[in-house]
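A structural walkthrough
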Amino acid sequence: MTLLLALVAAVSPPRALAQVEITWSPSMVKGPSGAPVTIVEFSDYQ
Amino acid sequence: MLQEYDGRVRLVFKDRPLAMHTLARPAHEAARCAGASGKYWPYHDRLFAAQPAFRRADLLVYAAELGLDRDTFARCLDERRFAADVERDIEQAQALGINSTPTFLINGQRVIGATSIEEFRSIIDKALQERP
């Protein structure tokens, strides 16, 4: 249940690449695990 | 949207309650309590329909509406059983510099703010071309 995201740091140019491990609970996923596209939504209920 | 892409797109929800939204954190924890009983998404939808009535009593009413056991749910909420999980989501968001909501990562590509369906389709279609 993890996804490694390679992100080009647009804000701070000297750090060209930052890697952050994203984890999630199986109950908070919709759609098949083998899907070629994953949308991770960061949101706030309030 | 997920139906439209039938099996080719999955959606992961990450908790990113903003610090100024003082009622949000219990709501995020409550949704995870509902998830522990298999009702994450119905509870999620109920919360988005309800903004911003997130007092404890409101959270319990939504659980009851979905047929969740009152005592089990209340205990989960009061014990703050998922506080650390919500906190972990917040830390991951902060590590990514995600400070406004909603923010989406579509195969890693960042989309900030509620955007049009057309823009979403275009980014998803491009991602599918790269990884068919």
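Quick word on the overall build of chain A
Within chain A one finds zero helices and four strands. Listing each helix as α and each strand as β along chain A from the N terminus yields β-β-β-β. Taken across its 46 residues, chain A has 22% of its residues classed as buried.

Re the overall build of chain B
Looking only at helices and strands, chain B has six helices and three strands in total. In chain B, the succession of α and β elements from N to C terminus is β-α-α-α-α-α-β-β-α. When each of the 132 residues of chain B is scored for burial, the buried share is 36%. Taking the intrachain contacts of chain B between residues at least 6 apart in sequence as the baseline, contacts between residues at least 24 apart amount to 56%.

Here we look at the pairing of strand S3 (residues 109-112) of chain B
Residues and elements named next belong to chain B. Here four bridges tie strand S2 (residues 103-106) to S3, and the two strands are oriented antiparallel to one another. Pairing of Ile106 across the sheet is with Gln109, part of S3. Counting the residues in the hairpin turn of S2 and S3 gives two residues, including Asn107, whose phi is positive at 45°.

Focus: the interface of chain B and chain A
At the junction of the two partners, chain B supplies 47 residues and chain A supplies 27 residues. Taken together, the elements giving at least two residues each to the side of chain B that touches chain A come down to strand S1 (9-15), helix H1 (24-36), helix H2 (40-50), helix H5 (83-95), S2 and helix H6 (117-130) of chain B. The element contributing the most residues to the side of chain B that touches chain A is S1 of chain B, with six residues. The residue makeup of the side of chain B that touches chain A, split by class, is 28 nonpolar, eleven polar and eight charged.

What to know about the sheet that holds S1 of chain B
One open sheet holds the five strands; their spatial order is S3(A)-S1(B)-S4(A)-S2(B)-S3(B), and the pairing between them is mixed. Only two strands of the sheet have a single neighbouring strand rather than two, namely strand S3 (29-30) of chain A together with S3 of chain B. Of the pairings in the sheet, the one linking S3 of chain A to S1 of chain B comprises two bridges and is antiparallel in character. Bridge pairing in S1 of chain B places Val29 of chain A opposite Val12 of chain B. Contacting strand S4 (37-43) of chain A together with S1 of chain B, H5 of chain B runs over the sheet at an angle of about 105° to S1 of chain B.

Quick look at unusual backbone geometry
Residue and element names in this part refer to chain B. Going from Thr101 to Pro102, the amide bond is cis rather than trans, its omega being -5°. In this fold, Pro102 is placed in the loop between H5 and S2. Positive phi, normally seen in glycine, also occurs at Asn107, with a value near 45°. Residue classification places Asn107 among the partly exposed positions, given that 19 C-beta atoms sit within 10 Å.

Brief notes about the confidence of the model for chain B
Close inspection of predicted coordinates is inappropriate for parts of the model with low pLDDT. Residue and element names in this part refer to chain B. Taken over all residues, the pLDDT of chain B has a mean of 93, while the share at 70 or more is 98%. The element-level mean pLDDT for chain B is lowest in H6, coming to 92, with helix H4 (residues 70-78) highest at 98. Both scores are given for the predicted complex: the pTM is 0.86, the ipTM 0.92.

So, the environment of Phe13 of chain B
Within the secondary structure, Phe13 of chain B sits in strand S1. When the C-alpha atoms of Phe13 of chain B and Leu59 of chain B are compared, they prove to be 19 Å apart, with 46 residues separating the residues in sequence. For Phe13 of chain B, the contacting residues outside a window of four places in its chain are Met28, Glu41 and Ser43 of chain A together with His44 of chain B.

Notes on the packing of H1 of chain B against H4 of chain B
All names here are of chain B. Direction vectors running N to C along H1 and H4 enclose 140°, while the axes themselves pass 9 Å from each other. Relative to H4, the element H1 is oriented oblique. The handedness of the crossing between H1 and H4 comes out as right-handed. Between H1, through Pro26, Glu29, Ala30, Cys33 and Ala36, and H4, the contact on the second element is made entirely by Phe73, Cys76 and Leu77.

Rules of the game
- Residues numbered from 1 in each chain as written.
- Chains lettered and ligands numbered in written order.
- Predicted model: local features only at pLDDT ≥ 70, side-chain atom pairs only at ≥ 80, totals over all residues.
- Helix = DSSP H or I, 4+ residues; strand = E, 2+ residues; numbered from the N terminus.
- Buried ≥ 20, exposed ≤ 12 C-beta atoms within 10 Å, placed from the backbone.
- Contact = placed C-beta atoms within 7 Å.
- Pairing = 2+ DSSP bridges.
- Nonpolar A, V, L, I, M, F, W, Y, C, P; charged D, E, K, R; others polar.
- Axes fitted to C-alpha atoms, helices over the stretch in contact; angles between N-to-C directions.
- pLDDT = per-residue confidence, 0-100.
- Parallel < 35°, antiparallel > 145°, perpendicular 65-115°, else oblique.
- Left-handed = near helix turned anticlockwise from the far one by under 90°.

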